[in-house]
Structure formats: C-alpha cells, structure tokens
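# Analysis of the macromolecular model
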Amino acid sequence: MPHRISRRTFATLAAATAAAAGTPSVHAAAPGNPATDRTFPKDFLWGSATASYQVEGAVNEDGRGTTVWDTFAHTAGKTHNGDTGDVATDSYHRYPEDIAIMKDLGLKTCRFSIAWSRIFPTGTGQPNQKGIDHYRKFAEALLAAGIQPYCTLYHWDLPQLLEDKGGWQNRDTAVAFADYAGYVASKLGDVLHNYMTMNEISTFIELGYGNGLHAPGLQLSRGKLAQARHHAVLGHGLAVQAIRAHSKPGTKVGSAENLSAITPVYNAPEHVAAARKAIQEENAGYLNVMRTGKYTDRYLAQLGADAPKFTSEEMRAIGSPLDFQGINIYQPAFVRASNNADGYEMVANPASYPHMFSPWLFIGPETLYWTPKLACEVWGIKEMYITENGCSSDDKVAADGQIYDSDRVMYLKNYLTSLQRAVSEGVPVKGYFCWSLLDNYEWADGYEKRFGITYVDFATQKRTPKLSSHFYKNLISTGAL
Ligand code: IFM
C-alpha cells in the first residue's frame, strides 16, 4: 500500500494542539474522576529511553572492549542488511545535541544505559577510567539541563570475553556483573541516583540463548537455557546488593523488565481473575521470581529434570527488595478464563490482528492499563515506571522535510490514555519513558525499523522531530491528553 502523507502542516497542528490545551474543559476536569479527567499528576516523570549499543557508536574509542553485539552484528546473515551499531546515532559524540532535544521536549528524566565494556573492557579486572569519565560528563550534562538520569547497567552488550567463558551460562558472569554494578555505583554515585540493573532479561536470554535471533546467537537445550535464565536473574539480584553496598542513602534501585503483558481478553470478572494467575505463571522465570524470590511450583514441574539448580541463598539474592519496578510494555498478551488446571489460557492472535511496522508489535492500548494494575496488585509494587513504550513506523520524510508519523501518534495517544486511566485509579505508576528519543539500531532489524520520536538521517546524522515528538511535547507541557 502506498505511504500517504498528510498535507496538514505542523503550524496548523501546533495551533490546533495549543487551542486544545487551552480548552477549559481539559484543565477543569474533576481530578480523580476517571470518566472526565484526562490529566496526569503534576509531578509525573516524563522521559525517554535509549541504550548504549543502539545509539552510541564509537565502538573502538576510549578503550571500549568488544561485546557480543559487535561480534554478532559483524557475522554475515545475522542482522537486516548486515547493519551494525558501529556508528548508530553517534551519540557518544553527539550527546549534547541529544540532550538539547530532550530539553526542548521538556523531559524531566532520561533513561540510558552504560556499556559494561567501556568500564571493564574485558568484563572484569582492570577498569577503564575513560569509560567512567564519559558517563560522568553525560550525567553532568543531563543534570545541568534539569534532567534526572535513570541509568540501566546492562542493556544486552555483554563483554565478548565473558561470552567466551560461557556468558550467562556461566554463574561467574552473574558475579562479574554485580562487581561492575557496584564499581559504577561507587564511582558515579554523586551524579547517578537511580539505577536499573538490567533491561529485559527475558529478551536477551530467550532470543540470545533460546532461538538464537539475538547475540550471542545460541540455541541451547531446555535445561541449559533454564540455567542461563537463572544466572541472569541471579546477576540482577547480586547487582542490587552490590549497588546498595556502594551507594549513598537515597539511591534507588530497580529493573526494567518486559514481562509478558498480561491483559484480560475483555473486562469480565472471570477473565480478570484468570489474568491475575497468568501474570505470575507466564513470568515465572523472570519478573515473578525477581519479585518473590521463588520459582512457582508449576514452573519447576513443567521443567522437571531441566529445572535450574539453585541454592536458597541465591533465591534470597534474586528476590532482593527493589525501590521501584520498571516495566517495558509494547504488545498485549491476551488471556481468558479456562476450566483447565491452570485456570487460564493464552489467546493466540489471528493473522488479521493489527500490528505496527514490526510484525510482533500487536496493538493493544488497554495493556497499559491492565498490566501495571495487575502487576502492582499481585506483587505489591508501590512505585512503578513504564521504562519503555513506543512503536516502529515506516517513517518517510515528506516534501516539506517533516515526518508525519500519524500512526505513532495514534499508538502513543491510545496507550497513554490507558495509562492515564490506571494512574487516575491509583495504580502507582510514577513516570513514563518513551522508546525512543531517536531512531536507532533496532538489533537484528538493523536500521529498518524506526522507533524514534526524532527522525535520524543515518547518512548525515541530522535529527528532525517527528509529528509524534510534537505530540509528546504538548502532552508534557499540558499534562493532559
Ligand atoms: O529496541 C528495543 C529495546 O532495546 C528493548 N525493548 C524493545 C525495543 C524495541 O524493540
């Protein structure tokens, strides 16, 4: 189907949105009335998110060590078009420009990740001062712009030398990760006060060691995969302890997990009850064990002889209390009630179910209502952040040089409407990080799938705000949908 570009100009749209923002009914809505109130709390933390390998580039600079993603992306046939993160959005050099974009948007916070191999080029041993210096400069620049840094310590770029020793199959990697996390906290604690240990453990384990679509590209047996999963959640727990041991009081620690975003297939008591069971069981190897320090009986029974080996001390570490929980939400996982032994069944989407430009990204705005609500209820979470949400679009530059990503605006508007409903009902979501600030390296999809609200011309590195960026800016300034 040909791509249709709206003929509306940004000037017209800006006038329309400003008029809407000034409409008394928006601001005069009765607070706390979910039917009429379309506002977010004044102190709601609006942010954007990126990750080191997806934006930094500069892979051979200032002592950075090779990572599994350098190796994987440079292996023929592994990524779309053979694309690599060698240059990406060149944000290692262009971060002042990126921060200016954040400031213009009115962001209160920025989620970014530290590349482990810039701090410990081989994963352990001798630290690299230039790595610490870089992230200090970056954090200081954010703070100077009035933007709070939220730092992820691991967003999939494992130092290659650790992978050579087994990567997450090797328990030592969990210990090395905790050492690195503690070291960062001890060196950057004056500028970093909010940490997420890891991003989406389920993705880097299931895709990296399960189906092999991501680095390091392995397809392990069920038992080996379960053990790698265990080592990764153990790494998270040990890192929580290490950060606490090396940071000042007031430092907050959480994680950013893309749980299976359980959503009742429709709002009926039996499906909601089924969803409560499903959110625990469908996330048993990841968020559920991280929140409870226990594998569920069903999880262990299903794995049988392939279940991971663990000690009670490890389980205590995995369940280390967190100050906040980040969840990354994109597509819903629909659930219905069932008379089977589990009490629920997952609903597979038919081929006609609509999705965004990435085929996996099924559209289900209500997931941003149900998943935070169920997760907070089931796991007793008191402070939650949506650490990623956004979508890919087939963005094209129009004749006037602008990018009219009306589909992304549709996606964000609808998802955020659901989030606003959750917040207005008292679900303790305190902030939202849009994925992503910029188009960037989308892993095995290379540069084909654009997730940014800012368009990046990868030939020139020119950044252009898209229509969605104007939408987001307006939302931040008015606090209203
Ligand atoms: O780009 C990724 C990100 O690295 C992790 N969460 C999902 C995003 C979109 O696929």
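Above this text sits the structure in question.
Residues numbered from 1 in each chain as written. Predicted model: local features only at pLDDT ≥ 70, side-chain atom pairs only at ≥ 80, totals over all residues. Heavy atoms only, no water.

## A few points about the state of the cysteines
- In the structure shown here, the tally under the stated rule is zero disulfides.
- The thiol sulfur of C151 is not disulfide-bonded, and the nearest other cysteine sulfur, from C110, lies at 9.8 Å.
- Judged by its relative accessible area of 0%, C151 falls in the buried class. (Disulfide = S-S within 2.5 Å. Buried < 20%, exposed > 50% of the residue type's maximum accessible area, 1.4 Å probe, protein only.)

## Some details on the sheet that holds strand 2 (residues 109–113)
- Taken in spatial order, the eight strands line up as 1-2-3-4-5-7-10-11 and close into a barrel, and their pairing is parallel. Neighbour-to-neighbour, the strand axes of the sheet open up by a mean angle of 25 degrees, direction not taken into account.
- Here strand 2 pairs with strand 3 (residues 148–154) via five bridges, running parallel. In the strand pairing of strand 3, F112 is matched with C151.
- Running at roughly 20 degrees to strand 4 (residues 194–199), helix 10 (residues 201–210) makes contact with strand 3, strand 4 and strand 5 (252–257) of the sheet. (Pairing = 2+ DSSP bridges. Helix = DSSP H or I, 4+ residues; strand = E, 2+ residues; numbered from the N terminus. Axes fitted to C-alpha atoms, helices over the stretch in contact; angles between N-to-C directions. Contact = heavy atoms within 4.5 Å.)

## Considering the side chain of N258
- With respect to the helices, strands and loops of the structure, N258 is situated in the loop between strand 5 and strand 6 (262–264).
- Among the polar contacts listed, one links the side chain of N258 to the side chain of T203, at a separation of 2.9 Å. (Polar contact = N/O pair within 3.5 Å; in protein donor to acceptor, adjacent residues only side chain to side chain.)

## Regarding the sheet that holds strand 8 (residues 333–337)
- Pairing in this open sheet of three strands is mixed, and the strands run 6-8-9 from one edge to the other. Two strands close off the open sheet at either side, each with one partner strand: strand 6 and strand 9 (344–346). Put simply, the sheet's adjacent strands are angled 40 degrees from each other on average, direction ignored.
- As paired elements, strand 6 and strand 8 share three bridges and run parallel to each other. In the strand pairing of strand 8, P264 is matched with V335.
- Running at roughly 125 degrees to strand 8, helix 12 (residues 269–281) makes contact with strand 6, strand 8 and strand 9 of the sheet.

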